[in-house]
Amino acid sequence: MTIHRRTLMKSSLPVLGAAIATGALASGMLDSATETPIQILYREWVDLGNRYGNAIDENNALEVRLEAEGNEDASGLTENHYSKCVEPLCLEFAALENKLMDIPSQDFKDLAIKARISARVDGVIDDEFNRLIRRDADRLLGHVNI
């Protein structure tokens, strides 16, 4: 697979690379004694993300169990469980992600948190999240006209 320069430059990876490349500056900013609003909300994001992931796993296990039992309404029961137990967490999780991404990064740890949030397991990069990360990176590191 070939990665083109423009594709790479659009990704969040240059942001993290720039943060790592400025090691002395970044390490001072990462050792901050006080947490930023993003860092405080990140703990909530981790907890909610784990609960959301567990709910998805539980829903998948329910479907497997119902199908193994030969339940004729396995699909409907699984969908009901999803809408009751998984979907509310999904909506809450997405709202928290949007809230975190809207807060301007104060340091490189905030920027790393935003990069982590945008790095989904399925490989999808949210264009809006990418734009917000680039905006913060430009503010923290200086604008680059590319």
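Model, not experiment: these values are computed from the prediction.

Time to look at the overall build of the protein chain. Scanning the protein chain from N- to C-terminus turns up 7 helices and 0 strands. Counting the 146 residues in the protein chain, one finds 29% classified as buried. Within the protein chain, contacts between residues separated by at least 24 positions form 69% of all contacts whose residues are at least 6 apart in sequence.

What follows deals with the side chain of Asp107. For Asp107, the location among the structural elements is in the loop between helix H5 (74-102) and helix H6 (108-118). Despite its burial, Asp107 pairs with no opposite charge; the closest candidate is Lys109, at 7.4 Å N-O.

Attention shifts here to the side chain of Asp136. Tracing the sequence through the fold places Asp136 in helix H7 (residues 127-141). Its relative accessible area of 0% is what places Asp136 among the buried residues. For Asp136, the side chain forms a polar contact with the side chain of Lys114, separated by 2.5 Å. Excluding residues that lie within four positions of it along the chain, Asp136 makes contacts with Ile103, Pro104, Ser105, Leu111 and Lys114.

A few words now on the nonpolar core. Ranked by size, the top nonpolar core spans 21 residues in total, and within it Trp45, Leu96, Leu100, Met101 and Ile117 carry the most contacts. Of all the secondary-structure elements, those providing two or more residues to this core are helix H4 (37-68), H5, H6 and H7. Apart from residues lying up to four places away in sequence, Trp45 is in contact with Phe93, Leu96, Glu97, Leu100, Arg116 and Ile117.

Another aspect to go through is H4. Over its 32 residues, H4 extends 46 Å from the first C-alpha to the last, a length consistent with the 46 Å expected when each residue adds 1.5 Å. All of the buried residues in H4 are Ile38, Gln39, Leu41, Trp45, Leu48, Tyr52, Ala55, Asn59, Leu62 and Leu66. Contacts from the buried residues of H4 go to H5 and H6.

Cut-offs applied
- Residues numbered from 1 in each chain as written.
- Predicted model: local features only at pLDDT ≥ 70, side-chain atom pairs only at ≥ 80, totals over all residues.
- Heavy atoms only, no water.
- Helix = DSSP H or I, 4+ residues; strand = E, 2+ residues; numbered from the N terminus.
- Buried < 20%, exposed > 50% of the residue type's maximum accessible area, 1.4 Å probe, protein only.
- Contact = heavy atoms within 4.5 Å.
- Lys, Arg positive; Asp, Glu negative; His and termini not counted.
- Salt bridge = Lys/Arg side-chain N within 4 Å of Asp/Glu carboxyl O.
- Polar contact = N/O pair within 3.5 Å; in protein donor to acceptor, adjacent residues only side chain to side chain.
- Core = buried A, V, L, I, M, F, W, Y, C linked by side-chain atoms within 4.5 Å.
- Expected span 1.5 Å × (residues − 1).

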